[in-house]
Amino acid sequence: MTALAVDTWWLTGRRLKALVTQPIFVIVMLIQPVIWLFLFGSLFRRVVELPGFGTASYLDYLVPGVVVMNALAVNMWAGIGTLEEIERGTLNRFLTMPVSRSAIMNANVVEQLVGTTFQSAVIVLLGGLAGATYPGGPAGVVLLMLAAVLLGTVFGALSNTIGMLVRQRESIIGINTFLLLPLTFLSTVFMARELMPGWMQGIAAFNPLDWAVQAGRSALSADPDWGLVASRTGWLLALAVLSVVLSTRTFRAYQKAV
Amino acid sequence: MTTTTEGPYAVEAHELVKTYPKGVRALTGLSLRVQPGEIFGLLGPNGAGKTTAVKILTTLAHPDSGTATVAGQDALRHPGRVRRLIGTVSQRSSADPVATGRDNLVLQGRLYGLRGAELRQRVTELLDRFDLTDAAGRRTRSYSGGMQRRLEVALGLVHRPQVLFLDEPTTGLDPEARAAMWDEIARLAGEEGLTILLTTHYLEEADRLADRLAIVDKGRVVAAGTPDQLKGELHGDAVHIELRTTLDETAAGTARSALGRLPGVREVTLDGLRLSARADDGAAVVPGALAELTAAGVSVATVTAARPSLDDVYLRYAGRRFAEADADSDSTTQTPTGGAR
């Protein structure tokens, strides 16, 4: 267990150091959510005049959506990094070393956790500067981040699984391009549930992205629906555990097929 | 298999068999023994099974059957023990491209449990020794091919392993960097107790570096010994005759027997345009060979007579020319699961 913790620590450190030493990379990654925030925030500003949003400011409504969408959009590329490490031989080098196998997988998850938390905090902060208010307070922000991290874990682990299985970046690019917009628009990221067509509401009910938005948005509101927050967070947690188990299984299969 | 002394061996593989999914038979019963402190070369064309053998010996892959012992430990039953005792250097640059050379070495050392002053000292020592001190603070992405390869070797040595595995250590390097790497490897072997097992598909590299070598073809060892032993077993010079046109079966038979009639000539083989034979005195055979072939209506482009080379050894044991086997495998063998070379 201690070996696992120690190896996880060093391997995660390697990944975070790569982020810290390339701040430009972090900034570029943040440009996209910032654009969403201000572009959609301005474009749809008056949409809250319709009933169903539960807030007078569209920015208030949008910030949790962008946080969650960002968590999805960033982490779904994790598989490319894994693929590069396989192609480069880095993964195989670690496997010939007395390194805990679980630590190699943990490093992915912890890096994703730290990265998503940091980016979510920046988005919440920028939203606040632009005039968004968070009646749910710090506790609400933390719960929103938790939902974002769990969603990121789900898609990071799935992306890694695909990377290890198909070994083709084109496949990951294809799947991500196919998934990102439908997952985003078949959810309440931009639009209130009551204003969506019935069939869309039906699909959104099964969309993990929507679970995360619902949990985060409710936690940030003046009057959180704790039952909703707990259930959606719980579903996300279950899905995250499943995804990590799946990626760990795939990693074991990879080790056998080297 | 020729051995000069009896165990304990630094590396011992016995009858390794490995079949990849889709029926790719990578190893068909590979056995080898490496003495402590020697440089042992696994020579063979691409796809012969060298890399698979190294993957098994370095605990990456598991064979279908057979046994493998590395540094006195059972690599199949106790891979964890073996991992502490070996260093591996892969074909490509496996270093983190966005981390500096020093950071790569420090992480490697930490993962082997080195800490503090001991770690710093070891890293400094390796940077210095592989001439990377000036570049230590640069990201490895900016390193030249030779520098990346030197860093790779340094990574494999951080924890002072007993056995170092080098997979194609000079593939893709320019001639200058290759020569420098050869010097480096030869120097490493001089170090106390370090055994080196390297794979190569360069005959020259095996000839120059390996104390002993095994020729691998189609997943098994077809010959093993020192380069001189292997060449010595050929008895006599090699005569190579390059033909102008490929021969049909009858003409091939005629050409072979024409050459075989000459005194002191044996082991006549025809491989595409290349007619080869062994002769006690190669130069003396040339005029007669030309006359016989001309008489048989075979038109000759070039004739050479030479002392035996490892290429000849390969031809003798694998039944085909090295370059040809290499080209063959490049065009026809699909490596399993994408990046598994």
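Residues numbered from 1 in each chain as written. Chains lettered and ligands numbered in written order. Predicted model: local features only at pLDDT ≥ 70, side-chain atom pairs only at ≥ 80, totals over all residues. Heavy atoms only, no water.

Engineer: Looking at this structure, how should I read the domain arrangement of chain B?
Structural biologist: Frequently, the measure chosen for interface size is the accessible area that the parts lose on association. Taken domain by domain, chain B consists of domain 1 (11-93 + 143-231) and domain 2 (235-307). Inter-centroid distance (C-alpha atoms) of domain 1 of chain B to domain 2 of chain B is 37 Å. (Domains from an automatic or database assignment.)

Engineer: Is there a simple way to think about empty space enclosed by the protein in this case?
Structural biologist: Which parts of space are left empty comes out when a probe the size of a water molecule is rolled across the atoms. All names here are of chain A. Taken as a whole, this structure holds three cavities of 30 Å³ or more when the rule is applied. In terms of lining residues, the second largest cavity is bounded by 13 residues, among which R15, E85, L91, I104 and N108 are the most central. Among the secondary structure elements, those contributing two or more residues to the lining of the second largest cavity are α1 (2-20), α4 (78-88), α5 (90-95) and α6 (101-129). (1 Å grid on protein atoms, 1.4 Å probe; cavity = no way out; pocket = protein on both sides within 12 Å on 5 of 7 lines; lining within 4 Å. Points joined across faces, edges and corners; volume = space filled by probe spheres on them. Helix = DSSP H or I, 4+ residues; strand = E, 2+ residues; numbered from the N terminus.)

Engineer: For this particular structure, what's the right way to read the sheet that holds strand β12 (residues 265-271) of chain B?
Structural biologist: What holds strands together in a sheet is hydrogen bonding between their backbones, with the strands either parallel or antiparallel. All names here are of chain B. With antiparallel pairing, the four strands of this open sheet are ordered in space as β12-β13-β11-β14. Only two strands of the sheet have a single neighbouring strand rather than two, namely β12 and β14 (300-306). Sheet twist, expressed as the average angle between the axes of neighbouring strands with direction ignored, equals 15°. Pairing of β12 with strand β13 (residues 274-279), which is carried by five bridges, proceeds in the antiparallel orientation. Bridging across to β13, D271 finds its partner in R274. Of the strands in this sheet, β11 (237-243), β12 and β13 touch helix α9 (residues 249-260), which is tilted by about 155° from β12. (Pairing = 2+ DSSP bridges. Axes fitted to C-alpha atoms, helices over the stretch in contact; angles between N-to-C directions. Contact = heavy atoms within 4.5 Å.)

Engineer: So what exactly am I meant to see when it comes to the pairing of strand β8 (residues 195-200) of chain B here?
Structural biologist: A regular strand carries its side chains on alternate faces of the sheet. All names here are of chain B. By the criterion of burial, β8 is predominantly enclosed, with six of the six residues buried. On β8, burial covers both faces: T195, L197 and T199 on one face and I196, L198 and T200 on the other are all buried. Relative to β8, strand β7 (residues 163-167) runs parallel, the two being bridged by five bridges. Within β8, the residue paired with L164 across the bridge is I196. (Buried < 20%, exposed > 50% of the residue type's maximum accessible area, 1.4 Å probe, protein only.)

Engineer: What's the story with the nonpolar core in this structure? I'm lost.
Structural biologist: The nonpolar side chains of soluble globular proteins are, as a tendency, buried together. Core analysis: the largest hydrophobic core is formed by 49 residues, its most contacted members being Y58, L72 and L151 of chain A. Where this core is concerned, the elements lending two or more residues are α2 (23-43), α3 (58-75), α6, α7 (137-166), α8 (169-185), α10 (208-220) and α11 (226-257) of chain A. In contact with L151 of chain A, not counting residues within four places along its chain, are V68, L72, P208, L209, A212 and L236 of chain A. Core analysis: the second largest hydrophobic core is formed by 35 residues, I39, L157, V158 and I196 of chain B among them. (Core = buried A, V, L, I, M, F, W, Y, C linked by side-chain atoms within 4.5 Å.)

Engineer: Hey, could you run me through the sheet that holds strand β4 (residues 65-70) of chain B in this one?
Structural biologist: Residue and element names in this part refer to chain B. Taken in spatial order, the four strands make up an open sheet running β2-β1-β4-β5, and their pairing is antiparallel. Because the sheet does not close on itself, it has two edges, and the strands there are β2 (24-34) and β5 (73-74). Pairing geometry for β4 and β5, over two bridges, is antiparallel. Within β5, the position partnered with T69 by the bridge is D74. Contacts from helix α1 (residues 50-57) reach β1 (11-20), β2 and β4, with the element oriented near 115° to β1.

Engineer: Just checking my understanding: could you explain the interface of chain B and chain A for this structure?
Structural biologist: Each partner contributes to the interface: chain B provides 32 residues, whereas chain A provides 27 residues. A buried area of about 2600 Å², summed over both sides, lies between chain B and chain A, and 54% of it is on carbon and sulfur atoms. There are two salt bridges connecting chain B and chain A. In this structure, D103 of chain B engages K17 of chain A in a salt bridge whose closest nitrogen and oxygen atoms are separated by 3.0 Å. For the pair chain B and chain A, the number of links is nine residue pairs in polar contact (both at pLDDT 80 or more). Counting residues per element, the ones that place at least two in the side of chain B that touches chain A are β1, α2 (79-85), β6 (86-89), α3 (101-111) and α5 (145-157) of chain B. (Buried area = accessible area lost by both parts, 1.4 Å probe. Salt bridge = Lys/Arg side-chain N within 4 Å of Asp/Glu carboxyl O. Polar contact = N/O pair within 3.5 Å; in protein donor to acceptor, adjacent residues only side chain to side chain.)

Engineer: Just to check I follow, could you spell out α5 of chain B for this structure?
Structural biologist: Think of an α-helix as 3.6 residues a turn; residues three or four steps apart then line up on the same face. For α5 of chain B, spanning 13 residues, the distance from its first C-alpha to its last is 19 Å, which sits close to the expected 18 Å at 1.5 Å a residue. Where burial is concerned, most of α5 of chain B is hidden: eleven out of the 13 residues are buried. Three or more residues of α5 of chain B are buried, namely G146, M147, R149, R150, L151, E152, V153, A154, L155, G156 and L157 of chain B. Where the residues of α5 of chain B are buried, they touch α5 of chain A together with β6, α3, α4 (116-129), β7 and α6 (175-189) of chain B. (Expected span 1.5 Å × (residues − 1).)

Engineer: Please explain the environment of L59 of chain A as it appears in this structure.
Structural biologist: Residues and elements named next belong to chain A. Within the element layout of this structure, L59 appears in helix α3. Taking the C-alpha atoms as reference, L59 lies 40 Å from V166; in sequence the two are 107 residues apart. In contact with L59, other than residues within four places in its own chain, are L37, G127, A130, G131 and A132.

Engineer: Before we go on, may I ask you to explain the packing of α10 of chain A against α11 of chain A in this structure?
Structural biologist: For any two helices packed against each other, the geometry is given by the interaxial angle and the distance between the axes. Residues and elements named next belong to chain A. One way to put it is that α10 packs onto α11 with a least axis distance of 8 Å and a crossing angle of 145°. Once α10 is placed against α11, the crossing between them reads as left-handed. Within the contact between the two elements, α10 uses P208, W211, A212, Q214, A215, S218 and A219 and α11 uses L228, V229, R232, T233, W235, L236 and L239. Taken together, the residues of the contact of α10 with α11 sort by class into ten nonpolar, three polar and one charged. (Left-handed = near helix turned anticlockwise from the far one by under 90°. Nonpolar A, V, L, I, M, F, W, Y, C, P; charged D, E, K, R; others polar.)

Engineer: What is the right way to read the pattern of salt bridges from this model?
Structural biologist: Side chains bearing opposite charge may pair, as long as their charged atoms lie close to each other. Enumeration according to the criterion identifies 24 salt bridges over all chains in this entry. With a shortest N-O distance of 2.6 Å, R187 of chain B and E184 of chain B are connected by a salt bridge. Linking R187 of chain B with E184 of chain B, this pair stays in helix α6, spanning three residues, or about one helical turn. A residue is classified by how much of its surface remains accessible, and E184 of chain B, at 9% relative accessible area, is buried. A cluster of three or more residues bridged by salt bridges with shared partners is formed by R14, R15, E84, E85, E87, R88, E111 and R169 of chain A together with D96 of chain B.

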